[in-house]
2 protein chains.
Amino acid sequence: MTAPLWFDLLERLAAVLDEELRRAGASAGLNASQVAVLRYLSKANQYSNTPSAVAAYFGLTKGTVSQTLLALTRGGWLRRSPDARDRRVVRLALTRRGEALIRRLAGRIAAVGVPEDLAPHLERLLRNWQQARGGLSFGLCRSCRYFLTLEEDRFQCGLTGERLLMPQPLKICREHAPAA
Amino acid sequence: MTAPLWFDLLERLAAVLDEELRRAGASAGLNASQVAVLRYLSKANQYSNTPSAVAAYFGLTKGTVSQTLLALTRGGWLRRSPDARDRRVVRLALTRRGEALIRRLAGRIAAVGVPEDLAPHLERLLRNWQQARGGLSFGLCRSCRYFLTLEEDRFQCGLTGERLLMPQPLKICREHAPAA
DNA sequence: AATTTTAGTATCGACACGATACTATCGAAA
DNA sequence: TTTCGATAGTATCGTGTCGATACTAAAATT
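Residues numbered from 1 in each chain as written. Chains lettered and ligands numbered in written order. Predicted model: local features only at pLDDT ≥ 70, side-chain atom pairs only at ≥ 80, totals over all residues.

1. Some remarks on the protein's contact with DNA strand D
Applied cut-off: As a rule, any residue with its backbone-derived C-beta atom within 6 Å of a molecule or strand is reported as near that molecule or strand. Secondary structure is summarised from DSSP: a helix means a run of H or I of at least four residues, a strand means a run of E of at least two, and numbering begins at the N terminus for each. Under the scheme applied here, ten amino acids are nonpolar (Ala, Val, Leu, Ile, Met, Phe, Trp, Tyr, Cys and Pro), four are charged (Asp, Glu, Lys and Arg), and all others, including Gly, are polar.
Residues in close proximity to DNA strand D total 25 residues, the closest being A:Ser52, A:Gly63, A:Arg88, B:Gly63 and B:Thr64. Elements represented by at least two residues in the surface near DNA strand D include exactly α3 (51-58) and α4 (62-74) of chain A together with α2 (32-43) and α4 (62-74) of chain B. Partitioning the surface near DNA strand D into residue classes produces six nonpolar, 13 polar and six charged.

2. A word on the interface of chain B and chain A
Condition: Note on contacts: residues are paired as contacts if their backbone-placed C-beta atoms lie within 7 Å.
Facing 47 residues of chain B, the contacting portion of chain A comprises 47 residues. Only α1 (5-26), α2, α3 (51-58), α5 (96-110) and α6 (118-133) of chain B provide two or more residues apiece to the side of chain B that touches chain A. The biggest single contributor to the side of chain B that touches chain A is α1(B), with 15 residues. Of the residues assigned to the side of chain B that touches chain A, the class counts are 30 nonpolar, seven polar and ten charged.

3. Considerations on the environment of B:Arg133
Along the chain, the position of B:Arg133 falls in helix α6. Along the chain, B:Arg133 and B:Leu13 lie 120 residues apart, while their C-alpha atoms are 21 Å from each other.

4. Quick notes on the protein's contact with DNA strand C
Around DNA strand C, the structure places 25 residues, and the nearest of them are A:Gly63, A:Arg87, B:Thr50, B:Ser52 and B:Gly63. Of all the elements in the fold, those that place two or more residues in the surface near DNA strand C are α2 (32-43) and α4 of chain A together with α3 and α4 of chain B. Among the residues making up the surface near DNA strand C, the classes are represented as six nonpolar, 13 polar and six charged.

5. Observations regarding the sheet that holds strand β3 (residues 147-151) of chain B
Residue and element names in this part refer to chain B. Formally: Two strands make a pair as long as DSSP finds a minimum of two bridges between them.
Taken in spatial order, the three strands of this open sheet run β3-β4-β5, and their pairing is antiparallel. The open sheet terminates on both sides in strands that have one partner only, identified here as β3 and β5 (163-164). In this structure, strand β4 (residues 154-157) lies alongside β5, joined through two bridges in antiparallel fashion. Across the sheet, Phe-155 pairs through a bridge with Leu-164, a residue of β5.

6. A word on the sheet that holds strand β4 (residues 154-157) of chain A
In spatial order, the strands read β3-β4-β5 (chain A); together these three strands make up an open sheet with antiparallel pairing. What marks the edges here is a single partner per strand, and that holds for β3 (147-151) and β5 (163-164) of chain A.

7. Things to note about helix α5 (residues 96-110) of chain A
Keep this limit in mind: For a helix, the expected span equals 1.5 Å multiplied by the residue count minus one. Note on burial: count the other C-beta atoms lying within 10 Å of the residue's C-beta; 20 or more is buried, 12 or fewer is exposed, in between is partly exposed, and C-beta positions come from the backbone. This arc is taken over the directions from the axis of the helix to the C-beta atoms.
Helix length check: α5(A) (15 residues) gives 21 Å between terminal C-alpha atoms against 21 Å at 1.5 Å per residue, within 8%. Of the positions making up α5(A), those classed as buried are A:Gly98, A:Leu101, A:Ile102, A:Leu105 and A:Ile109. Here the buried residues of α5(A) occupy an arc of 95° about the axis, which is enough to place them on one side. More than 90 degrees from the buried face of α5(A), the exposed residues found are A:Arg96 and A:Gly107. Buried positions along α5(A) lie against α1 (5-26), α2, β1 (78-82) and β2 (90-94) of chain A together with α1 of chain B.

8. Some points on the relation of the copies chain B and chain A
Here is the rule: Fitting of the copies onto one another was done by least squares over C-alpha atoms, counting residues only where both copies have pLDDT of at least 70.
In screw terms, the move from chain B to chain A is a rotation of 180° and a rise of 0.0 Å along the axis, fitting with an RMSD of 0.0 Å. Between the two chains, the operation in question is that of a two-fold axis. Rotation axis and chain B: the residue whose C-alpha lies nearest the axis is B:Ala14, separated from it by 2.7 Å. Both copies contact each other with a shared surface, as 100% of the interface residues of chain B are interface residues in chain A too.

9. Remarks on the packing of helix α6 (residues 118-133) of chain A against α1(B)
The condition is simple: With axes taken as lines fitted to C-alpha atoms, and helix axes fitted only over the stretch in contact, angles between N-to-C directions fall between 0 and 180 degrees. Note that the term roughly parallel is reserved for angles under 35 degrees, roughly antiparallel for angles over 145, roughly perpendicular for angles of 65 to 115, and oblique for everything else. What makes a crossing left-handed is the near helix being turned counterclockwise from the far one by less than a right angle; a clockwise turn instead makes it right-handed.
Across the interface, α6(A) lies against α1(B) with an axial gap of 9 Å and an inter-helix angle of 25°. Taken together, the axes of α6(A) and α1(B) are roughly parallel relative to one another. For the crossing formed where α6(A) meets α1(B), the hand is left-handed. Judged by residue contacts, A:Leu118, A:Ala119, A:Leu122, A:Glu123, A:Leu125, A:Leu126, A:Trp129 and A:Gln130 of α6(A) engage B:Leu5, B:Trp6, B:Leu9, B:Leu10, B:Arg12, B:Leu13 and B:Val16 from α1(B). Of the residues assigned to the contact of α6(A) with α1(B), the class counts are twelve nonpolar, one polar and two charged.

10. So, the nonpolar core
Inclusion rule: Connectivity within a nonpolar core runs through C-beta atoms within 7 Å, and the core itself is a set of buried Ala, Val, Leu, Ile, Met, Phe, Trp, Tyr and Cys residues.
Ranked by internal contacts, the top residues of the largest apolar core, which has 90 residues, are A:Leu10, A:Leu13, A:Leu38, B:Leu10, B:Leu13 and B:Leu38. The residues touching A:Leu38, leaving out its near neighbours within four places in the chain, are A:Leu72, A:Trp77, A:Leu94, A:Gly98, A:Leu101 and A:Ile102.

11. Observations concerning the environment of A:Val89
Residue and element names in this part refer to chain A. By the secondary structure assignment, Val-89 is in the loop between β1 and β2. Looking at Val-89, the number of C-beta atoms within 10 Å reads 14, which means it is partly exposed. Expressed as a C-alpha distance, the spacing of Val-89 and Arg-127, which sit 38 residues apart in the sequence, is 29 Å. Residues contacting Val-89, with those up to four places away along its chain left out, are Thr-50 and Asp-83.

Dropping the structure here:
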């Protein structure tokens, strides 16, 4: 029993990605995990910018994530604020420093020339794999089964009923459900 | 400046992969990094089963890798043996326990149904990215510029001149050079 | 023979990670 | 409305990762 070729290639890509994250954080004294968490939070929508969402995204325990968030907050990369409606919840947002770091990383990545039609293939792989594993999809809000377009530039979440303001539809949602 | 979509998808795939590795090692008391190293060594050819090759593959320092290999050796997952020709070199090989663990992981992955034409896309992405970064490719021996087929089932490395016995051509090589 | 390069180990400190135990808040049921 | 369970999060401990630095030994070069 040997693993399929796509898995071997993905492993190699993951190693390269990890090295990229490590390099991006090195000058700032951050490690790859910390940079990965900042990246996630820079893309998380209003339902997904909490410690438990981070834990679910990376498949880690709340305790582990709590530690990483503590380090990032101490370093001034992250800001924590209490949720207005549910006082158990902590909202996480990047500071200006954090955003600048993520932008620098994005700039380096954007320089990599890549075939046009790649993204759909990666999406298919991700969907199939997640379906086989039965986890959450963490897809883009806009691509969700519950995403509603009321009019031009007016959107709503069919699950919570809340209005979605603009960059939210382009972000990651922990409640994301793929189209049926 | 925002990162391209393929990078976001790859990040998510890497998180899922990491979770898979963590799960595979959990019952054996191994973490994701340790499982990743075992996976690499299960695929490394005769030029690539050494501590420095592991370090280069993952973009880590020799010291870091040395620690991980120590833990794996202590746990009986890995066997170390001196190289005959170069006495500085340590050769690494999985023990039967180590191979069994990797086989179990491969079995779970093989159950994931994936589109047929995926691998070429991943390969293109990997080549482009690595070219942009200027690192080693760690491709399959068989796909190397220096790989020679003498006759049916007789192969040779054009770089070292050595004969390559069979499963070597199917494995990863640290000296791999993509076809021009 | 002297020097440089390469392969690898040893040790330290910061942090990741899971496990366990804990607090606080929310929500539902009696 | 009290009780009870579920949920969000933190605290602490032990093992291991990781980079930095310093080191040994063998090979390659001059």
